Amino acid sequence: MIPERDRAQLDDGEFLDAYSQAVIRAVEVVGPAVVKIDAARGGGSGVLFTPDGLILTNSHVVDGAGPLTVVTPDGHSMRADVVGQDADTDLAVIRIDGTSLPWASFSDSRGVRVGQVAIAIGNPYGFHHSVTTGVVSALGRSLRSRSGRLMDDIIQTDASLNPGNSGGPLVTTRGEVMGVNTAMILPAQGLCFAIASNTARFVAARLIRDGRIRRSYIGVAGQNVPIPRAVARANQLAVSSGVFVVSVEPDSPAAAAGLRDGDVVLAFAGEVVTGIDELHRHLTGDRIGVPAALTILRAAEKRQLTVVPRESKPLA
């Protein structure tokens, strides 16, 4: 009969072996599709998601980077071209020549759970094809992109990320990509972030089709502002904050609608707007050229304007 203490050690050993085997299997499945991206100003990682050479990575890895070189896990080096990129979600698609290349599949990120194992594969500090593991520590985070927009549905993990991991996959133990690694908070310990796979799939499809993500704009610079209770009561408002219009761009949709400096935007197209990030979320591609009601406060009185958003121009 095995003593209780020895049984506990055996159980721990079996558990560790099962965990290790799960990680090993996932890396064997996805690892061949993870590439190193070299650019004049640095580089990062990426993951092949089609057998004909389409690679998903971060926008900040390829933006203004000049010539790109992709190095596959077997050491082959080849030129890559940018298919499209979107700074607002920090995602980009690039392409290399090839057929029957190893490629990774994406999971449904709605099924990701806090506490599940997360495996990051990439090239930190240029060390080719490194693997770190951890768990999903939080879901539904928001993170500011380099363009200034807020990215939603971000996965937080404690799987270690370092410069060079950007654009690499965050993987489940089933060997499916649950997210695309995008950032870490340097002063913190174990706070790393990935763009959820459902967002990545949607953006990648649009980048392949159009080379960019279409969004609308109305042409205002604003800041979040609280609504005084007395003003809210007087106008029967159910919101406690809105967007204070700091300036209106000349010849913009907002100017054509009659919006003025000092107005406070409360709602757009029937949707409540409590802050500038919420307004950005409503300015999607399907709003381009479509008249929308704009509810505002002007001199403490509620008014309604009609604005016709235009297509925003991509950042240079």
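Reading the values: the criteria
- Residues numbered from 1 in each chain as written.
- Predicted model: local features only at pLDDT ≥ 70, side-chain atom pairs only at ≥ 80, totals over all residues.
- Heavy atoms only, no water.
- Helix = DSSP H or I, 4+ residues; strand = E, 2+ residues; numbered from the N terminus.
- Buried < 20%, exposed > 50% of the residue type's maximum accessible area, 1.4 Å probe, protein only.
- Contact = heavy atoms within 4.5 Å.
- Areas by Shrake-Rupley, 256 points an atom, 1.4 Å probe, with all protein chains shown as cover.
- Lys, Arg positive; Asp, Glu negative; His and termini not counted.
- Charge placed at Lys NZ, Arg CZ, Asp CG, Glu CD.
- Salt bridge = Lys/Arg side-chain N within 4 Å of Asp/Glu carboxyl O.
- Pairing = 2+ DSSP bridges.
- Axes fitted to C-alpha atoms, helices over the stretch in contact; angles between N-to-C directions.
- Phe/Tyr/Trp six-rings, centres within 6.5 Å; stacked < 30°, edge-to-face > 60°.
- Polar contact = N/O pair within 3.5 Å; in protein donor to acceptor, adjacent residues only side chain to side chain.
- Core = buried A, V, L, I, M, F, W, Y, C linked by side-chain atoms within 4.5 Å.

> Looking at this model, I keep getting lost on the overall build of the protein chain. Mind explaining?
Across its full length, the protein chain holds six helices and 20 strands. The C-alpha extent of the protein chain, read off along each of the three principal axes, is 80 × 55 × 30 Å. Across the 316 residues in the protein chain, those meeting the buried criterion constitute 44%. In the protein chain, once contacts between residues fewer than 6 apart in sequence are set aside, the share between residues at least 24 apart is 60%. Of the accessible surface of the protein chain, which amounts to about 15800 Å², a share of 52% is contributed by carbon and sulfur atoms. A distance of 8 Å separates the average location of the 30 positive side-chain charges in the protein chain from that of its 32 negative side-chain charges.

> Help me understand the pattern of salt bridges in this model?
Pairing between side chains of opposite charge can happen when the charged atoms of each approach one another. For the structure shown, the criterion picks out 14 salt bridges. Of the charged contacts in the structure, one is a salt bridge between aspartate 88 and arginine 215, with a shortest N-O distance of 3.1 Å. Placement of aspartate 88 in the loop between strand 5 (77-86) and strand 6 (91-95) and of arginine 215 in the loop between helix 3 (197-210) and strand 13 (216-217) is noted, with a sequence separation of 127 residues between them. Of the residues examined, aspartate 88 reaches a relative accessible area of 16% and is grouped as buried. Relative accessible area serves as the criterion here: at 13%, arginine 215 is assigned to the buried category.

> Looking at this structure, I do not really get unusual backbone geometry. What am I missing?
Backbone geometry follows two general trends: most residues other than glycine have a negative phi, and most peptide bonds adopt the trans configuration. Despite not being glycine, serine 100 has its phi angle at roughly 55°, a positive value. Note on placement: serine 100 falls in the loop between strand 6 and strand 7 (117-122). With relative accessibility at 69%, the residue serine 100 sits in the exposed group.

> Looking at this structure, how should I read the sheet that holds strand 6?
Ordered by their spatial adjacency, six strands build a closed barrel running 1-2-3-6-5-4, and the pairing between neighbours is antiparallel. If you compare each strand with its neighbour and ignore which way they point, the axes differ by 40° on average. Pairing between strand 2 (residues 42-48) and strand 3 (residues 54-57): two bridges, direction antiparallel. Paired with leucine 48 across the two strands is isoleucine 55, which belongs to strand 3.

> Looking at this model, I keep getting lost on the sheet that holds strand 12 (residues 192-196). Mind explaining?
Spatial ordering of the closed barrel is given by 7-8-9-12-11-10, a layout of six strands whose pairing is antiparallel. Averaged over all adjacent pairs, the angle separating strand axes in this sheet is 50°, with direction ignored. Bridge count between strand 7 and strand 8 (residues 130-144): six bridges; the pairing is antiparallel. If you follow isoleucine 119 over to strand 8, its bridge partner there is threonine 133.

> Hey, could you run me through the packing of aromatic side chains in this one?
The geometry of two aromatic rings is summed up by the distance between their centres and the angle between their planes. Under the criterion given, the structure shown has one aromatic pair. Seen in terms of ring centroids, phenylalanine 49 and phenylalanine 106 are 6.2 Å apart; in terms of plane orientation they differ by 70°. Their pairing is edge-to-face. One end of the pair, phenylalanine 49, is in the loop between strand 2 and strand 3; the other, phenylalanine 106, is in the loop between strand 6 and strand 7, and 57 residues separate them in sequence.

> Would you explain the side chain of arginine 149 in this entry?
Assignment of secondary structure puts arginine 149 in the loop between strand 8 and strand 9 (150-157). Among the residues examined, arginine 149 registers a relative accessible area of 16% and is labelled buried. A polar side-chain atom of arginine 149 sits 3.1 Å from the main-chain carbonyl oxygen of histidine 280. The residues contacting arginine 149, other than those within four sequence positions of it, are Asp88, Leu143, Arg144, Arg215, Ser216, His280 and Leu283.

> What exactly am I supposed to notice about the pairing of strand 4 (residues 68-71) here?
Remark: a regular strand shows side chains that alternate across the two faces of the sheet. Two elements, strand 1 (residues 34-39) and strand 4, share four bridges in a ladder whose sense is antiparallel. In the sheet register, lysine 36 faces strand 4, and the bridge partner there is valine 71. Across four bridges, the pairing between strand 4 and strand 5 is antiparallel. Within strand 5, the residue paired with leucine 68 across the bridge is alanine 80.

> Just checking my understanding: could you explain the pairing of strand 9 for this structure?
Sheet analysis places strand 8 next to strand 9, joined by five bridges and oriented antiparallel. When the sheet's bridge partners are listed, leucine 143 is paired in strand 9 with methionine 151. With antiparallel pairing between neighbouring strands as the criterion, strand 8 and strand 9 make up a hairpin whose turn holds five residues, including glycine 148 at a positive phi of roughly 105°. As paired strands, strand 9 and strand 12 are joined by four bridges and run antiparallel to one another. Pairing of isoleucine 155 across the sheet is with alanine 194, part of strand 12.

> I would appreciate a short explanation of the nonpolar core in the present structure.
If you look at the biggest cluster of nonpolar residues, it comprises 45 residues, and the most contacted ones within it are Leu56, Leu68, Val70, Ile94 and Ile119. Ignoring any residue separated from it by four or fewer positions in sequence, one finds valine 70 in contact with Val35, Lys36, Ile37, Ile55, His76, Ser77, Met78, Ala80, Ile94 and Ile96. Among the nonpolar cores identified, the runner-up in size contains 18 residues, and Ile218, Val243, Leu259 and Phe268 belong to it.

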